[in-house]
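# Chains, contacts and geometry: an overview
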Amino acid sequence: MPAFCDIALPVPLDTVFTYSVPEGMRPIVGGRVLVPFRQQRLSGIVTELHDHKPNVKTKNILTVLDPAPVLDQQLLQLGKWIAGYYLAPLGEVFRTMLPLNAEFKRTIGYRITEQGHNMLFETSTGGSSLRSHKTPDEQMAEMRILEYLADDEMVKEETLRAGARATKALLAGMVRKRWITREDLSDAQDAARTVRVAVLKSAEGKLNANQRTLIEALTAAGGKLSVDHLRRLAVPRTTLNTLVKRQMVELLDEPADFTISRYKARPSPFDFQFSPEQKQALNQIQQNVEARKFTGMLLHGITGSGKTAVYLAAMHSVLQAGRSAILLVPEIGLTPAVAADLHQIFGKEVAILHSALSDKERAEQWHRIRRGEARIAVGTRSAVFAPVSDLALIIVDEEHDSSYKQEEMPRYHARDVAVMRAKMANATVVLGSATPSLESYFNAKRNKYTLLELRDRVEQRPLPEVEVIDMRQEFQETGHEQVISRKLAEEIRERLELKEQVMVLLNRRGYSPVVMCRACGTKLECQNCAIALTHHKRSHRMECHYCGFMAPVPKTCAQCGSEYVYFIGTGSEKLEELLHGMFPQARIARLDRDTVRSHQDFERTLAALNHGELDLLVGTQMIAKGHDIHGVTLVGVVGADMALGFPDFRAAERTFQLLTQVAGRAGRGQTPGRVVLQTYFPDHYAVQYAAAHDFLGFYEKELQFRSWMHYPPYSSLANVLVRSPKLNEALEWSGLLGKWFEKTRHEGVRVLGPAAAPLVRLKQDYRYHFVLKSPSREKLNGLLRSMLSYATQRKIPRTQVIVDMDALWLM
C-alpha cells in the first residue's frame, strides 16, 4: 500500500492536500476519507495514492469511509475538468457532485427527561412559577421547546431550531437543568430513513376533546397514522404523549416510503401517433445512441410540438438496450410532472435528484442509481452528476434556462457539463428547447451539433394568436395607470363565461416593489443591499428578495417623519388581489416563491389547475416553463418586458424567451389559444418577434448586435467580481487587480473595468467587477489563472475574488 495519498477537501483553496496512510488502512482513489484539517475533521476525496514524501510533516488519515469508489474514473475526470475550466477548487467541485452529506455530517439530537415532563406539567397547571433569573420571553421559549419534545422522541437540533425557534444557548441551559438530554446521532446517519407512526391499541375509556380528536383521526385512517400527520391537527403536542402513557396508542418506527411524484401522469406518449418530424428526430437520436460515439444534438421544437414524447421514447429504447439515461429539467417545479410521466412508463427504474429532497432522501436516491436499481435519473442541474453506469443518453430539457447555471462555487453550467460528460462517456446529448440559447443554436448552425426541428404542434394544433397592447396608448385613453388593460379584462371575462382557464404572468413577486416618501423622496432600501425593499401585504412586512432582510411596513418616513408614504408598482400578490376584485366568482391561485414553500405546494396548485379546480392562475416565470395544461386557452402577460431596461446584454434574449415560453402555455388542448401581451415597448424587436412566434428572425437580429459588440457566441466571456464588507477593501483590491491587468500582456483578451457592479452592494458586500472577453477560451482561462495567483500573492482572500466563466448574470 502506498504511504501517502492526495486528498481534495471542500475548502476554498486551489490545491489538494497530502496525508499519510497509517498501516492497515486501505484508502481508494475516488473514495472518501476523514482527515484532520486545522481545528476540525473534514471528509475529502482521494485523488491519488503515491510514495512521494512531501517536504512538510504530514498528518494521518483518521478513517476510510468507503470500501469502493463513490466517484468512478469518469466522474473524477469530469470533476477535474470542471475545476480547471470554471477555476474552482477541486474539493468544492467534488462536494457538489456528491449528495452524501447525510452520511457523515455531525447530527445532534435532544430528548425530554422525566424532570422536563414534570416542569411542563407543573407550568401548564399553574403549579410552578418557574423561579428563574431568565426573562419571561426566555421562560416561554423553554416551555415551547419542552412542548415540542413532549412526545419522548429524539428530535434533531436543526428541527428544533426551525420548529421551536431554539437557540444553542437555550438548549445548553436546559441540558444543564436536566430537563433535556443531548446525544450525538452521527453514528446512526447511515441508517435507513424511518417515519414514526401512531398505532391505535384501544379506543375505550374517558377522553377529553383533544384526545377524542386524535382517536377519531386514527380510527378513520384504519388505526395507523404518521405522527407528523397527527401533529398537523389543532391539538397540543402533549395529547399524544398522554394517550401513549395510557397505552391507548403505541408509537413505532417504520421504513419511510419515497414518493417519486404525487402528480397524475399524463397519457402515455406511446398512445398517440408520432408526427413524421417526431419520428425522424427519434430515429436520429436512436441511431446515434446505438453508434456509441459522442454526438451533440439540438432539438428545436416550437411550444407544444411534442418534445417530451420524443425524450421519453428515446429513453425507453435506451432502457430496453440495458443502458442508462439522465434527464435534466430546469426547475424543481417541473420535476414532479416529468417524474410522474417517467414513473408511469419505467416504474422503479426512475430515481429523482433535486434540492427540495432532504439530505437522506438525496443520498438514498443516489445509492439506488449507483447500485443499478434505477437506470434513469431525472432532476435539476446536480442530476448531471448521477452515478449511472453505461451512460447512453443525456437530455437537457429547456436548455436555454438560466437556472442550469450555478450562482455559487463552483459556478458550472449544467448544460455544458452534460455535453462534456457525454463526450467522456461516448454518449449522445440532446439539448431541447422552443427558444434555444443563441450559443446552442449558433453551434448547431456551425455543425457542432446536429439540428433537429419540430416545426408544428402535435395533431396540427395552431399556435396561439398574440395581440400586443400598447400600455402607453392605454394610459392616454383611460387617463390613469392600468395594471390590467381593458382588452385583457374583456378576454378573461369571456374565457371564464366559457368555463375555460386563464394564466396571467407578472414576473415580479410581492405586493409593491417600491416604497417611497412623497415628501422627501426617500426610498426604503435594504440595509444589506443597494436594492429597494418589496412590500408583502399578506405577511405585513418589507422584504429584500436578495438577502432575505425583513422590516416592518412603515407608517411614516424614517427620514423626515412624513405620513405620505407611497407604495409604487405592482407585484404578483397585488395582481392576484386585483383579479379577485374584478372576478369575485373565479377560483384564483398564485404561483410564486411566496406561495410555493415546497415541491408539494407546487404539485398541489398545478394538479388543481389540471383537474379544472381553478379558473385563473397568476404567477411569476414559474408558470411559464414547460407546463402542459390543456384547459388553458388564454394567457395574459403583464409587464414581462421590464427586463429590457436592465444593463445586461442578454436582456432582449431573456425577454424573448420568457414571452415565447409563456405564450406557449395557451391552446395546448383542443381549443385554440390566445395571448394578450401588454407592453410599454411594442416596437422592440424582442416583443415583435415573440408575438410573431419567429425564433429565426430574433436569432438573426440579436446575432448582429452580439457580433458588433464581441459578445457570446462570438467570444467567451468571464465576470470577475471583487467583494468585501468594507468599501475601502473592495476599492483597494479591485484597484490592485486593475493595475495588474494594465501591466500584464494579454493579447487576444479584452478587459473592461474595474467598475462598480450594477448592484454595487449585495448581502453586506460592496462589489466591483471586471468583464473579460476573448475569442480564445484557452487564453481567457490562462489570464484568469494568472490573476488568481497574483491575488493570492497580494493576500486578497480567495473567497472575495469570484471568477464566473461564461457568466449569465452581470448584475
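Data block above holds the structure.
Before going into details, it helps to say that this report is about the structure given with it. Just so we're clear, the structure is a prediction, and the values are computed from it rather than from any experiment.

What counts and what doesn't
Note that residues are indexed from 1 along each chain, following the sequence as it is written. In keeping with the predicted nature of the model, local features appear solely for residues at pLDDT of at least 70, side-chain atom pairs appear and are counted solely at 80 or more, and the whole-chain, interface and lining totals rest on all residues. Note: side-chain values were computed over all heavy atoms of the structure, leaving out hydrogens and water. For the purposes of this entry, the term helix denotes a DSSP run of H or I that reaches at least four residues, the term strand denotes a run of E that reaches at least two, and both are numbered from the N terminus. Atoms counted for the radius of gyration: C-alpha only. Globule rule: 2.2 Å times residue count to the power 0.38. Only protein chains enter the accessibility calculation, which uses a 1.4 Å probe; a residue whose area is less than 20% of its type maximum is buried, one above 50% is exposed, and one in between is partly exposed. Residue contacts are counted whenever heavy atoms from the two residues lie within 4.5 Å of one another. Accessible areas in this description were obtained via Shrake-Rupley with a 1.4 Å probe; residue shielding takes into account the shown protein chains only. Any two strands between which DSSP finds at least two bridges are classified as paired. Put simply, buried Ala, Val, Leu, Ile, Met, Phe, Trp, Tyr and Cys residues joined by side-chain atoms within 4.5 Å make one nonpolar core. N or O atoms closer than or at 3.5 Å make up a polar contact, with two conditions inside protein: a donor-capable atom paired with an acceptor-capable one, and, for residues adjacent in sequence, both atoms drawn from side chains. The axes used here are C-alpha line fits, helices contributing only the stretch in contact, and every angle between their N-to-C directions lies in the interval 0 to 180 degrees. Any angle that falls under 35 degrees is termed roughly parallel, while one over 145 is termed roughly antiparallel, one within 65 to 115 roughly perpendicular, and all others oblique. Lys, Arg, Asp and Glu make up the charged group, whereas Ala, Val, Leu, Ile, Met, Phe, Trp, Tyr, Cys and Pro make up the nonpolar group; the residues left over, Gly among them, are polar. What a helix should span is 1.5 Å times the count of its residues minus one. Note that the arc is defined by the directions from the helix axis to the C-beta atoms. Two distance rules govern patches: like charges are joined within 9 Å, and nonpolar side chains (Val, Leu, Ile, Met, Phe, Trp, Tyr) within 5 Å, applied only to residues with over 30% relative accessible area and no salt bridge. Throughout this description, the term salt bridge denotes a Lys or Arg side-chain nitrogen within 4 Å of a carboxyl oxygen of Asp or Glu. Aromatic pairing here means that ring centres of Phe, Tyr or Trp (its six-membered ring) are within 6.5 Å. Orientation follows from the plane angle: under 30 degrees is stacked, over 60 is edge-to-face, and everything else is tilted. Either the NZ atom of lysine or the CZ atom of arginine qualifies as a charge over a ring when it sits within 6 Å of the ring centre and within 35 degrees of the ring normal. Each crossing gets its handedness from the near helix: less than a right angle anticlockwise from the far helix is left-handed, clockwise is right-handed.

## Concerning the overall build of the chain
What the chain contains, in helices and strands, is 24 helices and 33 strands. For the chain, whose C-alpha radius of gyration is 29 Å, the value lies close to the compact-globule estimate of 28 Å for 811 residues. Across its three principal axes, the chain shows a C-alpha extent of roughly 75 × 75 × 65 Å. In the chain, which comprises 811 residues, the share counted as buried stands at 54%. Considering only intrachain contacts with a sequence separation of at least 6, the fraction spanning at least 24 residues in the chain is 75%. Accessible area for the chain stands at about 37400 Å²; split by element, carbon and sulfur atoms hold 49% of it.

## Considerations on the pairing of strand β6 (residues 108–112)
Within a regular strand, side chains alternate between the sheet's two faces. Within β6, four of the five residues are buried, which leaves it mostly tucked inside the rest of the structure. Here five bridges tie β6 to strand β8 (residues 180–184), and the two strands are oriented antiparallel to one another. Within the sheet, the bridge partner assigned to glycine 109 lies in β8 and is glutamate 183. Two elements, β6 and strand β7 (residues 155–156), share two bridges in a ladder whose sense is antiparallel. In the sheet register, tyrosine 110 faces β7, and the bridge partner there is valine 155.

## Overview of the nonpolar core
If you look at the biggest cluster of nonpolar residues, it comprises 116 residues, and the most contacted ones within it are Leu71, Leu328, Val637, Leu737, Leu772, Leu784 and Met787. Counting 33 residues, the second-largest nonpolar core is a separate cluster that includes Leu282, Ala313, Phe346 and Leu357.

## Considerations on helix α16 (residues 471–478)
For α16, the capping residue at the N-terminal end is aspartate 470, with a side-chain oxygen 3.0 Å from the backbone nitrogen of arginine 472. In the stretch just after α16, glycine 479 is the one whose phi turns positive, near 85°.

## Describing the packing of helix α15 (residues 438–445) against helix α22 (residues 695–709)
Where α15 contacts α22, the two axes come as close as 11 Å, and the packing angle between them is 100°. Here α15 is positioned roughly perpendicular relative to α22, judged by the angle of their axes. Along the contact surface, α15 presents Leu438, Tyr441, Phe442 and Lys445, while α22 presents Phe695, Leu696, Phe698, Tyr699, Glu702, Leu703 and Arg706. Split into classes, the residues belonging to the contact of α15 with α22 amount to eight nonpolar, no polar and three charged.

## Comments concerning the side chain of glutamine 678
Within the secondary structure, glutamine 678 is located in strand β29 (residues 674–679). Here the side chain of glutamine 678 touches serine 485 through a polar contact of 2.8 Å, landing on its backbone nitrogen. Setting aside anything within four residues of it in sequence, one finds glutamine 678 in contact with Ile469, Met471, Val483, Ile484, Ser485, Leu488, Val637, Val638, Gly639 and Asp641.

## Focus: the sheet that holds strand β4 (residues 40–50)
With antiparallel pairing, five strands are arranged side by side in an open sheet as β2-β1-β4-β3-β5. Either end of the sheet is taken by a strand with one partner, and the two such strands are β2 (17–20) and β5 (63–64). Where strand β3 (residues 32–37) meets β4, six bridges bridge the pair, whose relative direction is antiparallel. Pairing of phenylalanine 37 across the sheet is with glutamine 40, part of β4.

## Here's the deal with the sheet that holds β7
In spatial order, the strands read β7-β6-β8; together these three strands make up an open sheet with antiparallel pairing. What marks the edges here is a single partner per strand, and that holds for β7 and β8. Across the sheet, helix α6 (residues 168–176) touches β6 and β8, and the angle it forms with β8 is around 115°.

## Overview of helix α10 (residues 276–291)
Think of an α-helix as turning once every 3.6 residues; residues three or four places apart then point the same way. Given a rise of 1.5 Å per residue, 16 residues ought to cover 22 Å, and the 23 Å separating the end C-alpha atoms of α10 matches this to within 8%. Within the span of α10, buried status applies to Glu277, Gln278, Ala281, Leu282, Ile285, Asn288 and Val289. End-on view of α10: buried residues confined to an arc of 130°, all on one side of the axis. Facing away from the buried side of α10 by over 90 degrees, the exposed positions are Pro276, Gln287 and Glu290. Tucked inside the fold, the buried residues of α10 contact β12 (295–301), α11 (307–320), β16 (391–397), β17 (428–433) and β18 (450–454).

## Some remarks on a nonpolar patch on the surface
Taken together, the side chains of Tyr546, Phe646 and Trp809 make up a nonpolar region of the molecular surface, amounting to roughly 280 Å² of accessible area. If you trace the backbone, tryptophan 809 turns up in the segment after β33 (801–805).

## Digging into the packing of aromatic side chains
According to the stated counting rule, one finds 18 aromatic pairs in the structure shown. Between phenylalanine 656 and phenylalanine 698 the ring centres are 4.4 Å apart and the planes differ by 0°, which places this aromatic pair in the stacked class. With phenylalanine 656 in helix α20 (residues 651–663) and phenylalanine 698 in helix α22, this residue pair connects regions lying 42 residues apart in the sequence. Both residues of the pair, phenylalanine 656 and phenylalanine 698, count as buried. Arranged with centres 5.5 Å apart and planes meeting at 75°, the rings of phenylalanine 705 and tryptophan 708 form a pair that is edge-to-face. Of this pair, phenylalanine 705 and tryptophan 708 both sit in helix α22, three residues apart, which is roughly one turn of the helix. Judged by its relative accessible area of 31%, phenylalanine 705 is partly exposed. A relative accessible area of 55% means that tryptophan 708 is categorised as exposed. Chaining the aromatic ring pairs together yields one cluster made of Tyr441, Phe656, Tyr685, Phe695, Phe698, Tyr699, Phe705 and Trp708. A cation sits over an aromatic face here: arginine 518 above tyrosine 566, 4.1 Å from the ring centre.

## Let's talk about the environment of leucine 120
Take leucine 120: it is sitting in helix α3 (residues 114–124). With relative accessibility at 8%, the residue leucine 120 sits in the buried group. Considered as a pair, leucine 120 and alanine 150 are 30 residues apart in the sequence and their alpha carbons are 8.5 Å apart. If we ignore the near neighbours within four places in the chain, the residues touching leucine 120 are Met143, Leu146, Glu147, Ala150 and Thr238.

## Thoughts on the environment of proline 464
Along the chain, the position of proline 464 falls in the loop between β18 and β19 (465–470). Distance from proline 464 to arginine 665, taken between C-alpha atoms, is 8.9 Å for residues 201 residues apart in sequence.

## Overview of the pattern of salt bridges
Applying the stated rule across the entire model yields 40 salt bridges. Note that aspartate 416 is salt-bridged to arginine 415, the shortest N-O span being 3.1 Å. A salt bridge links arginine 590 to aspartate 592; the shortest N-O distance between them is 2.9 Å. Judged by relative accessible area, arginine 590 falls into the buried class, the value being 7%. Salt bridges here are not isolated pairs; linked through shared partners, they connect Glu465, Glu467, Lys487, Glu491, Arg495, Glu500 and Arg674.

## A look at the packing of helix α4 (residues 136–148) against helix α5 (residues 157–164)
Following both chains from N to C, one finds α4 and α5 inclined at 120°, their axes separated by 10 Å at the closest point. One way to sum up the angle between α4 and α5 is to call them oblique. For the pair α4 and α5, the crossing hand works out as right-handed. Of α5, the residues touching α4 (which contributes Arg144, Ile145 and Tyr148) are Thr159, Leu160, Gly163 and Ala164. Counted by class, the contact of α4 with α5 contains four nonpolar, two polar and one charged residues.

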